[in-house]
There are 8 protein chains.
Amino acid sequence: MNEAYSDLGYAKIDYQRKERQGIGEVIYGGSKTREQVLGILKNMQEHDSKNVLVTRISQDVADFLFNNGIEINYYPEAKIGVAFSESTGIPVGNIVVASAGTSDLAVCEEACVTAETLGNNVVRLYDVGVAGLHRLLSKVDILREARVIIVVAGMEGALASVIGGLVSCPIIAVPTSVGYGANFGGLSALLSMLNSCAAGVSVVNIDNGFGAGVLADRINKMKGLS
Amino acid sequence: MNEAYSDLGYAKIDYQRKERQGIGEVIYGGSKTREQVLGILKNMQEHDSKNVLVTRISQDVADFLFNNGIEINYYPEAKIGVAFSESTGIPVGNIVVASAGTSDLAVCEEACVTAETLGNNVVRLYDVGVAGLHRLLSKVDILREARVIIVVAGMEGALASVIGGLVSCPIIAVPTSVGYGANFGGLSALLSMLNSCAAGVSVVNIDNGFGAGVLADRINKMKGLS
Amino acid sequence: MNEAYSDLGYAKIDYQRKERQGIGEVIYGGSKTREQVLGILKNMQEHDSKNVLVTRISQDVADFLFNNGIEINYYPEAKIGVAFSESTGIPVGNIVVASAGTSDLAVCEEACVTAETLGNNVVRLYDVGVAGLHRLLSKVDILREARVIIVVAGMEGALASVIGGLVSCPIIAVPTSVGYGANFGGLSALLSMLNSCAAGVSVVNIDNGFGAGVLADRINKMKGLS
Amino acid sequence: MNEAYSDLGYAKIDYQRKERQGIGEVIYGGSKTREQVLGILKNMQEHDSKNVLVTRISQDVADFLFNNGIEINYYPEAKIGVAFSESTGIPVGNIVVASAGTSDLAVCEEACVTAETLGNNVVRLYDVGVAGLHRLLSKVDILREARVIIVVAGMEGALASVIGGLVSCPIIAVPTSVGYGANFGGLSALLSMLNSCAAGVSVVNIDNGFGAGVLADRINKMKGLS
Amino acid sequence: MNEAYSDLGYAKIDYQRKERQGIGEVIYGGSKTREQVLGILKNMQEHDSKNVLVTRISQDVADFLFNNGIEINYYPEAKIGVAFSESTGIPVGNIVVASAGTSDLAVCEEACVTAETLGNNVVRLYDVGVAGLHRLLSKVDILREARVIIVVAGMEGALASVIGGLVSCPIIAVPTSVGYGANFGGLSALLSMLNSCAAGVSVVNIDNGFGAGVLADRINKMKGLS
Amino acid sequence: MNEAYSDLGYAKIDYQRKERQGIGEVIYGGSKTREQVLGILKNMQEHDSKNVLVTRISQDVADFLFNNGIEINYYPEAKIGVAFSESTGIPVGNIVVASAGTSDLAVCEEACVTAETLGNNVVRLYDVGVAGLHRLLSKVDILREARVIIVVAGMEGALASVIGGLVSCPIIAVPTSVGYGANFGGLSALLSMLNSCAAGVSVVNIDNGFGAGVLADRINKMKGLS
Amino acid sequence: MNEAYSDLGYAKIDYQRKERQGIGEVIYGGSKTREQVLGILKNMQEHDSKNVLVTRISQDVADFLFNNGIEINYYPEAKIGVAFSESTGIPVGNIVVASAGTSDLAVCEEACVTAETLGNNVVRLYDVGVAGLHRLLSKVDILREARVIIVVAGMEGALASVIGGLVSCPIIAVPTSVGYGANFGGLSALLSMLNSCAAGVSVVNIDNGFGAGVLADRINKMKGLS
Amino acid sequence: MNEAYSDLGYAKIDYQRKERQGIGEVIYGGSKTREQVLGILKNMQEHDSKNVLVTRISQDVADFLFNNGIEINYYPEAKIGVAFSESTGIPVGNIVVASAGTSDLAVCEEACVTAETLGNNVVRLYDVGVAGLHRLLSKVDILREARVIIVVAGMEGALASVIGGLVSCPIIAVPTSVGYGANFGGLSALLSMLNSCAAGVSVVNIDNGFGAGVLADRINKMKGLS
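Keep in mind that what you see is a predicted model, and the values were worked out from it rather than measured.

1. Remarks on the overall build of chain A
The secondary structure content of chain A amounts to 9 helices and 11 strands. For 226 residues, the compact-globule estimate of 2.2 N^0.38 gives 17 Å, and the C-alpha radius of gyration of chain A, at 18 Å, lies within 12% of that figure. Judged by the C-alpha coordinates and their principal axes, chain A covers about 50 × 50 × 25 Å. Sequence-distant contacts in chain A: of pairs separated by 6 or more residues, those separated by 24 or more amount to 67%. Accessible surface for chain A amounts to roughly 7400 Å². Of this, 49% is attributable to carbon and sulfur atoms. With 18 positive and 23 negative side-chain charges, chain A shows a spacing of 4 Å between the two charge centroids.

Below is the structure:
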């Protein structure tokens with residue numbers, strides 16, 4: 001059972017990924033049929049995979065998988081399922097997930113559940129957008145204790161720059177498609193974050209809470225310089 | 001001398017504008033030849049126009065106009081000339097012009113000189129970008145005393161939202177083309193400001209310090225409700 | 001009950017906003033679940049909030065809120081609910097809301113209801129687009145009496161420039177996404193308004209009637225220069 | 001001498017075009033070397049071509065052509081040369097070329113010189129932009145007498161819609177790249193004109209005064225219905 | 001009954017348009033409620049309007065109007081209703097509507113029905129796209145007899161240029177949103193047509209068959225030069 | 001029965017295409033009504049057409065055609081129907097279709113079924129995206145044996161460049177619209193593939209598996225140099 | 001001398017490329033300093049490389065290389081230098097390079113010189129744009145004899161579709177940045193070509209004559225099916 | 001000397017930044033006059049600042065600063081000056097900077113010099129683009145030893161995804177504006193990197209080597225989990 005990958009025809013499941021990249025294969029459910037997802041999970045079950053993330057699936061798909069013999073926990077706000085759960089021990093480190101508004105909740109939770117499933121300690125700091133700066137400033141201590149911060153914001157995306165000016169840890173900015181009109185599906189927040197005048201900020205794809213969670217995991221678990 | 005406009009062929013000079021719109025005809029020098037600008041000013045001189053703004057001209061053009069008999073004061077940082085100056089009395093009200101960085105200076109000064117020429121009192125608050133929030137927060141008193149604030153910012157344009165959350169007066173946001181890469185000639189700041197989550201913020205064209213100055217003049221000089 | 005904000009986890013409700021910004025917290029309903037909206041309103045009810053605007057909600061959501069004990073008036077054309085209504089006294093000043101066509105009605109009404117709820121006197125001037133200029137010109141008196149004008153237009157957005165050339169008060173232009181083909185979701189009107197050759201015009205986000213209403217409120221209520 | 005075209009290797013000169021399309025081959029000088037332009041003109045000289053338009057050339061190129069034996073009249077504002085001039089008789093019909101501002105002069109003149117060279121009567125109506133509507137309205141008679149109107153405008157391009165609402169003849173709108181910031185090289189005027197709410201308006205490429213002139217010629221010279 | 005317009009509050013119906021622009025008021029149904037359309041038609045009925053075009057409506061809306069007492073003929077392919085029909089006499093002139101493919105039918109028919117309702121003779125020439133040039137070349141006679149040609153094409157929009165090279169009459173190009181992928185909602189055909197190397201081509205908005213029909217009507221009915 | 005085309009009014013069916021272009025007329029079903037598709041197929045049936053591809057149709061449309069007397073095989077993953085099948089003999093040559101992920105399956109199959117229907121031998125190599133390079137590298141032999149490779153990828157489209165660096169045959173890159181956020185409907189993969197630093201790569205439209213299949217057929221069947 | 005690559009620090013020269021990809025390493029001169037180009041060529045000289053293409057260099061750079069001991073032939077129209085020339089024998093096959101206008105010459109020649117240096121027989125067919133279709137139709141024989149056709153066109157790029165409908169060989173379309181206004185640096189031709197309704201057309205990057213030449217070489221030299 | 005910032009009017013120099021953010025104030029020279037840069041440095045000299053980075057300046061500006069009494073080391077490839085150098089001790093950790101091609105050198109060096117000035121150990125791995133995969137694969141050991149990798153690539157930006165699939169450390173992707181045509185000033189690489197299918201990749205602004213260097217410094221110096 002230590003082949004490099006399994007070939008299902010429509011998918012080649014990569015069993016070296018954990019070794020090579022620190023986390024196992026993840027299933028992006030957003031553009032697969034439920035049958036394809038099931039097929040991949042059945043194969044991973046046979047390979048004894050643990051804590052497999054299935055992102056961007058609905059409750060319906062999660063139910064379908066469960067009814068077909070996949071042990072899976074579904075997080076409806078994050079739209080993530082975690083199959084074949086196994087304890088990863090006490091959560092480590094300190095990842096803060098900050099959001100500008102209530103509307104960005106789904107993307108935030110995608111990041112949180114991803115990071116938590118990978119064994120990280122996550123602190124949620126929601127609805128601290130810059131239009132009410134005192135809400136943010138009252139939480140500076142929490143921000144300064146973080147090892148890495150994920151900033152989730154739609155509309156003008158200013159929160160990344162403001163937090164970027166307050167702390168010295170790495171910041172991962174996640175633009176969201178929340179908004180209307182000239183936000184053009186998240187373009188406004190994306191460009192805003194890419195042009196951040198604050199140092200230490202980098203950006204992932206629009207609505208990509210999962211990618212932010214994985215990257216935060218890597219940074220949070222960095223070993224010290226010897 | 002109270003005709004509605006003069007017709008120079010290449011230009012029709014509008015002599016009802018002051019009455020209709022509060023300020024006299026302004027010359028956008030950015031896409032006219034120096035001879036056209038001179039011709040228009042000569043005509044206005046004959047009509048006894050005062051405090052005529054000529055925007056987006058170089059020192060060279062200003063010198064050319066002066067050498068051809070136009071009494072003109074040139075403001076090099078703003079790239080504005082003011083022809084046929086006449087005192088407008090003691091500056092009134094309180095317009096604050098805030099900028100995110102040193103690089104936005106030219107646009108700021110275009111706004112300031114425009115507003116000052118129209119008789120307004122202007123307070124400059126430069127380089128208070130959000131990456132060093134304490135610089136801005138130490139000036140909140142100045143912001144809260146303003147009747148109207150012009151916020152000039154390039155790159156991610158976050159300053160408009162942050163100031164928008166701190167005050168209750170109208171805010172005019174001016175995106176600038178300062179930056180590189182994914183700012184796409186000012187698009188990032190423009191979209192960011194249009195999507196501002198703070199109330200009371202409206203936006204003018206990229207680099208349009210002049211337009212901001214004129215609008216600020218109108219708001220600053222509002223009469224009280226009777 | 002004078003804490004700075006309440007923390008509901010998914011939302012931090014800002015109770016200093018009225019003091020800081022002139023109007024109380026507003027709920028953008030466009031991307032919240034009905035349960036989140038209800039939760040926020042329940043909390044505001046406990047804090048004795050009055051005249052709370054809930055924007056971009058359907059009749060269904062309004063009914064849901066009402067059936068759960070929120071006293072709310074719903075304006076179907078504006079898609080706005082006003083919770084916990086309380087008289088703001090006799091409407092003051094004079095805000096004109098002008099629109100280019102019948103199709104822009106929803107955005108117009110969002111601006112009108114917002115401004116009216118905040119206590120302003122609002123005059124509606126609908127369907128005065130530039131293709132039938134006599135309709136507009138017959139109303140110049142109304143335009144010239146305004147303290148501030150909101151111009152709502154989709155398609156080519158020319159109305160903002162034309163009105164901008166006729167009056168001397170501040171103009172807030174609201175591009176709408178009405179149209180098809182090369183209007184690209186409101187981009188054509190947005191760019192047109194940003195490039196307006198008329199002075200005194202500034203722009204808010206596409207379809208942002210609410211933002212225009214709040215800004216008009218601030219300008220309309222300006223005190224006179226002392 | 002009645003071959004269909006001449007083949008110079010780098011160019012195939014179309015000698016059936018006049019018959020097929022009403023006007024002879026035209027040389028777009030904007031991306032050809034001066035040697036290529038000369039070679040083409042020499043060939044046309046041998047074929048006895050008359051009134052050949054050479055667009056987008058500088059005075060320098062015109063001088064070079066003249067010094068190499070090409071009889072050419074150069075119109076510096078239009079940047080057009082007309083080679084091998086021959087009288088086309090009394091100008092016919094009535095084409096009005098209206099422009100929003102002085103800055104659009106070059107594009108206007110490209111249209112005017114093109115139409116005049118083809119034998120049309122052209123009336124110039126410059127600087128009648130919508131910010132000073134009385135300038136335009138005082139000329140409505142001239143507009144209503146036109147058989148076809150070319151409207152040249154940069155920035156927000158509103159002039160096409162306003163004129164479109166005043167007349168019943170065909171209107172050719174020419175967006176120009178004049179402006180700055182969010183005009184994005186003429187995009188704002190282009191989109192504005194394409195979305196015109198006025199009937200009877202069609203659009204040519206940004207800065208394409210030549211194309212407008214040729215199309216106006218065709219419409220102006222339409223025969224009556226028998 | 002000769003007022004300049006009727007004011008319904010949500011709409012101002014322009015009763016001078018016919019005089020000013022040659023055709024009466026037209027109702028763009030695409031963004032109006034069925035009640036608004038009915039209200040406008042009832043008012044026009046009282047003013048004895050004839051041949052009123054109602055564009056972009058479904059069969060359902062047409063039925064609703066009919067059931068509420070509006071005499072209306074519905075053209076399902078064109079999605080146009082014509083209310084209060086009255087004979088316009090024998091169709092005049094010669095407008096050819098050419099299309100690149102079967103898929104552009106709806107836009108073609110919008111142009112055809114518009115032009116026919118206005119009293120023009122229309123020749124349909126469908127599915128003559130450039131990928132099978134012989135189909136087009138076999139119809140050159142029809143093209144050369146036209147007084148004006150409407151070319152409707154999606155995807156790469158090449159048909160406008162090819163026809164533009166074959167004829168000497170004015171050509172109105174209508175880009176359509178038909179296609180997928182990098183056609184970006186009609187952008188590819190729009191840009192292609194604007195950049196046409198053929199003379200005499202102008203462009204209307206994407207999918208704007210109605211606008212093309214009105215403009216073709218004006219050109220087709222041009223009087224001869226006296 | 002050797003006319004150049006049949007004219008159905010809404011369609012002109014090209015019966016010279018096979019001779020001129022190597023393959024017969026193909027029906028793009030994506031924007032035709034089922035009745036139009038049926039009408040075209042009935043006409044082709046009368047002309048004894050064979051192996052007619054009908055692309056982008058649903059199972060429902062295929063059933064409708066079958067129930068109306070068209071002998072048709074439907075490939076649900078490719079969304080292609082093949083009408084009037086006839087053996088094309090033993091598949092020739094070697095076309096490899098490689099895909100980056102499971103999600104691109106539909107576009108891949110459109111390419112495969114097209115190429116197979118035209119008589120080519122096709123090898124499928126799915127889910128070999130660059131994030132697990134060993135999966136791709138283990139298949140280099142298959143890639144190097146191809147006469148032409150179709151690379152199908154969404155998101156960042158890197159696979160085309162990587163394969164382009166490994167082989168010496170022509171590569172046809174097909175960007176897909178699979179992804180979210182800043183992929184903007186396939187734009188990211190499209191631009192990525194157009195900018196490929198590897199030689200020998202050309203690109204077809206987003207999701208255009210059919211076009212890739214036809215082009216691959218032409219290249220695969222190239223005759224040798226004599 | 002059979003190492004896989006040489007490492008110059010700023011460049012790693014790939015000496016397996018010829019074996020892997022059919023042609024040797026090529027130097028893209030467009031964004032390298034002349035010293036870098038020289039350093040790479042010196043290294044290749046030591047490795048006995050032959051017929052090394054250096055693209056996008058000026059005459060000045062070519063002279064600099066020559067004066068520093070590099071034997072190089074410079075093609076000014078193509079802006080290509082060929083270093084260390086060696087006969088590749090009698091040109092083989094038949095590649096036609098067709099262009100829409102004289103202005104596309106530089107891109108055409110980049111394709112031609114690339115293909116010729118690689119040993120192919122190239123036929124130039126310039127200035128056969130669709131506005132004068134008879135020029136193109138008179139050359140159909142030449143087009144039908146080609147094994148592969150490169151179509152170079154700016155502006156609306158219609159030539160690719162028209163030729164695509166006339167022949168059965170593979171077509172490589174090269175959009176050029178020639179044009180102005182709404183061609184947006186080649187975007188119009190690019191989108192047009194990607195959306196071509198003709199089969200067998202694929203596209204390379206804007207102005208990428210080199211890439212087209214390399215791909216044409218591969219297709220032209222295809223071996224026959226055994 | 002422990003004030004929060006100095007106010008030069010045109011700039012407010014932030015003396016708390018080091019404490020707050022780990023690195024001192026940096027001067028973005030790209031849009032400041034040389035006099036402004038000098039003024040800021042003089043002020044920082046008085047505050048005893050050390051190792052001040054001045055980015056995007058030319059040799060000329062560096063010479064001007066030196067001649068005016070600023071001790072500065074200039075790195076011409078990186079276009080960075082470092083003023084008031086002071087040893088930061090033995091470089092720590094391991095940052096790899098990998099680039100796709102020679103042409104990206106300037107951006108790479110901006111990242112390298114930034115990171116080195118901040119005291120990090122940097123390994124350069126240039127010209128390992130995916131078109132010659134063996135060059136990259138021969139360096140996998142170096143990549144796997146890195147604590148953080150900066151990937152610099154223009155054109156299609158595929159290198160970030162490929163490296164992302166090979167390692168488990170954080171990756172910072174820097175798109176560059178190198179390229180032509182459809183790279184649209186770096187947009188192609190930017191979108192490609194944002195859509196990377198590999199985990200652990202985040203992106204900074206186009207050409208922003210400085211930002212990547214600062215973020216890499218933060219990650220490289222992470223302390224271990226206690």
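2. As for the interface of chain E and chain D
Contacts between the two partners involve 34 residues from chain E, matched on the other side by 34 residues from chain D. When the two sides are added together, the surface that chain E and chain D hide from each other amounts to roughly 3000 Å², 59% of it contributed by carbon and sulfur. The largest share of the area that chain E buries against chain D comes from Leu194(E), Met222(E) and Leu225(E), three residues that together contribute 21% of it. Between chain E and chain D we count 9 residue pairs in polar contact (both at pLDDT 80 or more) in total.

3. A word on the arrangement of the chains
Chain A makes no contact with chain G; the smallest distance between any of their C-alpha atoms is 20 Å. The closest approach of any C-alpha atom in chain C to one in chain H is 20 Å; the two make no contact.

4. A look at the environment of Gly69(C)
All names here are of chain C. By the secondary structure assignment, Gly69 is in the loop between helix H3 (59–67) and strand S5 (72–75). In the structure, Gly69 is positioned 107 residues away from Thr176 in sequence and 34 Å away in space, judged by C-alpha atoms. Residues contacting Gly69, with those up to four places away along its chain left out, are Lys42 and Gln45.

5. A look at the packing of aromatic side chains
All chains considered together, the criterion is met by 8 aromatic pairs over all chains. Each ring, one from Tyr180(C) and one from Tyr28(E), has its centre 5.8 Å from the other, and the planes form 35°; the classification is tilted. Highlighted residues: Tyr180(C) in the loop between strand S10 (171–175) and helix H8 (187–194) and Tyr28(E) in strand S3 (residues 27–28), drawn from two different chains. What makes Tyr28(E) partly exposed here is its relative accessible area of 23%.

6. Points about the side chain of Ser188(E)
Examined against the element boundaries, Ser188(E) turns out to sit in helix H8 (residues 187–194). Taking relative accessible area as the criterion, Ser188(E) reaches 1% and is therefore assigned buried. At a separation of 3.3 Å, a polar atom in the side chain of Ser188(E) contacts the side chain of Asn195(G). Beyond its immediate sequence surroundings of up to four residues, Ser188(E) is in contact with Met155(E), Ala182(E), Asn183(E), Leu191(G), Ser192(G) and Asn195(G).

7. Notes on the interface of chain G and chain E
Contacts between the two partners involve 24 residues from chain G, matched on the other side by 24 residues from chain E. With both sides pooled, the region where chain G packs onto chain E buries about 1900 Å², and carbon together with sulfur makes up 71% of that total. In terms of surface lost to chain E, no three residues of chain G exceed Glu156(G), Leu191(G) and Asn195(G), which account for 28% of the buried area on that side. Viewed at the interface, chain E and chain G are joined by 0 salt bridges. In this structure, the connection of chain G to chain E is made through 6 residue pairs in polar contact (both at pLDDT 80 or more).

8. Comments concerning the pairing of strand S5 (residues 72–75) of chain D
Residues and elements named next belong to chain D. The two faces of S5 differ: Ile72 and Tyr74 on one face are buried, but Asn73 and Tyr75 on the other face are not. Note: S5 against strand S6 (residues 80–83), 4 bridges, orientation antiparallel. Bridge assignment links Asn73 to a residue of S6, and that residue is Val82.

9. Re the sheet that holds strand S3 (residues 27–28) of chain F
Within the open sheet, the 4 strands sit side by side as S3-S4-S6-S5 (chain F). Their pairing is mixed. Of all the strands in the sheet, the pair left with one neighbour each is S3 and strand S5 (72–75) of chain F.

Calculation rules
Residues numbered from 1 in each chain as written. Chains lettered and ligands numbered in written order. Predicted model: local features only at pLDDT ≥ 70, side-chain atom pairs only at ≥ 80, totals over all residues. Heavy atoms only, no water. Helix = DSSP H or I, 4+ residues; strand = E, 2+ residues; numbered from the N terminus. Rg over C-alpha atoms; globule rule 2.2 N^0.38 Å. Contact = heavy atoms within 4.5 Å. Areas by Shrake-Rupley, 256 points an atom, 1.4 Å probe, with all protein chains shown as cover. Lys, Arg positive; Asp, Glu negative; His and termini not counted. Charge placed at Lys NZ, Arg CZ, Asp CG, Glu CD. Buried area = accessible area lost by both parts, 1.4 Å probe. Polar contact = N/O pair within 3.5 Å; in protein donor to acceptor, adjacent residues only side chain to side chain. Phe/Tyr/Trp six-rings, centres within 6.5 Å; stacked < 30°, edge-to-face > 60°. Buried < 20%, exposed > 50% of the residue type's maximum accessible area, 1.4 Å probe, protein only. Salt bridge = Lys/Arg side-chain N within 4 Å of Asp/Glu carboxyl O. Pairing = 2+ DSSP bridges.

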